[in-house]
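Summary of structural features
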Amino acid sequence: MDVAEFDKFADEYHNLHQENIRITGENPEYFAEYKIRDLTRVEQIVGGEVNNILDFGTGVGNSIPFLAQYFPGTGLFGTDVSDKSLTLAKERFDGFGEFSLFDGKTLPYPEGKFDLALATCVFHHIPEEKHIQLIQEVSRSLRSGGAFMIYEHNPFNPLTRHAVNTCSFDENAVLLKRVQVAKLFVKAGMEVVMQEYRVFFPAFLKLLRPLEKYLTWLPLGAQHFVVGKKL
Ligand SMILES: C[S@@+](CC[C@H](N)C(=O)[O-])C[C@H]1O[C@@H](n2cnc3c(N)ncnc32)[C@H](O)[C@@H]1O
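Throughout what follows, the structure given in this document is the object of discussion.

With respect to the site of the ligand
Taken together, the neighbourhood of the ligand is formed by 19 residues, with Phe6, Gly57, Gly59, Ser82 and Thr120 sitting nearest. Residues that form the shell around the ligand fall into these classes: 8 nonpolar, 10 polar and 1 charged.

Some points on the sheet that holds strand E5 (residues 142–153)
The mixed open sheet is built from 7 strands, whose spatial order is E3-E2-E1-E4-E5-E7-E6. A strand with exactly one partner marks an edge of an open sheet, and here the two such strands are strand E3 (98–101) and strand E6 (191–198). Between one strand and the next, the sheet's axes are offset by a mean angle of 20 degrees, whatever the strand orientation. Strand contacts of helix H5 (residues 83–92): strand E2 (75–80) and E3, with the helix running at about 170 degrees to E3, the strand carrying the most contacts.

Focus on the environment of Leu218
With respect to the helices, strands and loops of the structure, Leu218 is situated in the loop between E6 and strand E7 (223–229). In this structure Leu218 comes out as exposed when scored by C-beta crowding, with 12 C-beta atoms within 10 Å.

A closer look at the packing of helix H6 (residues 131–140) against helix H8 (residues 178–187)
Where H6 contacts H8, the two axes come as close as 9 Å, and the packing angle between them is 60 degrees. On the basis of their axis angle, the class for H6 and H8 is oblique. Regarding H6 and H8, the two cross each other, and that crossing is right-handed. Of the residues in H8, those in contact with His131, Ile132 and Ile135 of H6 are Leu184, Phe185 and Lys187.

Things to note about the environment of Glu19
Relative to the helices and strands, Glu19 resides in helix H2 (residues 13–20). Through-space distance from the C-alpha of Glu19 to that of Phe123 is 22 Å; in sequence the pair is 104 residues apart.

Looking at the nonpolar core
Among the nonpolar cores identified, the biggest contains 51 residues, and Ile53, Leu116, Ala117, Phe148, Met149 and Ile150 are the most heavily contacted of them. Top element by residues in this core is E5. It accounts for 6 residues.

A word on the environment of Phe71
As for its placement among the helices and strands, Phe71 is situated in the loop between helix H4 (64–70) and E2. Residue class for Phe71 comes out buried when judged on the 20 C-beta atoms lying within 10 Å of it.

Description of the pairing of strand E1 (residues 52–56)
The element E1 is largely enclosed, with a buried count of 5 among its 5 residues. Of the two faces of E1, the one carrying Asn52, Leu54 and Phe56 and the one carrying Ile53 and Asp55 are both buried. Bridging between E1 and E2 involves 5 bridges; their strand directions are parallel. Counterpart to Leu54 in the pairing with E2 is Phe77. With H4 bridging E1 and its parallel neighbour E2, the resulting β-α-β unit is right-handed. Inspection of the sheet shows E1 paired to strand E4 (residues 114–120) by 3 bridges, in the parallel sense. Following the sheet pairing, Asp55 is matched in E4 by Leu118.

Thresholds, definitions, all that
- Residues numbered from 1 in each chain as written.
- Predicted model: local features only at pLDDT ≥ 70, side-chain atom pairs only at ≥ 80, totals over all residues.
- Near = placed C-beta within 6 Å.
- Nonpolar A, V, L, I, M, F, W, Y, C, P; charged D, E, K, R; others polar.
- Pairing = 2+ DSSP bridges.
- Helix = DSSP H or I, 4+ residues; strand = E, 2+ residues; numbered from the N terminus.
- Axes fitted to C-alpha atoms, helices over the stretch in contact; angles between N-to-C directions.
- Contact = placed C-beta atoms within 7 Å.
- Buried ≥ 20, exposed ≤ 12 C-beta atoms within 10 Å, placed from the backbone.
- Parallel < 35°, antiparallel > 145°, perpendicular 65-115°, else oblique.
- Left-handed = near helix turned anticlockwise from the far one by under 90°.
- Core = buried A, V, L, I, M, F, W, Y, C linked by C-beta atoms within 7 Å.
- Right-handed = clockwise from strand over helix to strand, strands pointing away.

The structure is reproduced here in structure tokens:
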């Protein structure tokens, strides 16, 4: 994607997103919190203390308040190639963490700074040829044993594909299958330690949501995640 693509959508990102997922009966906060709750399970896998978390492709900072809620006292760092999105993230969540512009190549953080990193709905906006190099750059910023969670839309889910096909900020999106993300981690030199399909039931079926933890193998969830661990 063009580096400034999300500068165009920054102001209206929240409303566009809200409109796009209306069919699910949920708001953007539901999905943001869901992902961060999953990240708390990754924390148990990495072992050791979690002092600093990187939100790669933080956008307007939607994950930040939930990171603050579920990882209290942890240093939170959001980075993105969209300066305008970062300005909004700072306005919305001033005091929650630090937001820094990413030049697309070298993250503005020292080696080994982070215990956990996450990228939620970011990689489908990045050209395929850059994926491995970017995962390696995030890995550089992780401590040994640290983990990187990539959360993506599931191209096998027809409702997800419909939502992406009708969303203006997804115009150039190229969805990634779970197996593709797992292969990227391996090619980038990380160990795949977790991979699940997630988000199965819309709001009108919310009584069924306790079953979701048994369905993580089923390629029908609206989203999926893969976690790579730095060896
Ligand atoms: C759909 S938004 C998701 C934002 C946020 N992660 C969330 O879940 O709300 C995708 C974000 O990825 C960012 N992005 C695109 N290419 C990037 C790159 N090469 N490095 C970092 N961020 C990138 C965009 O600027 C945009 O803010």
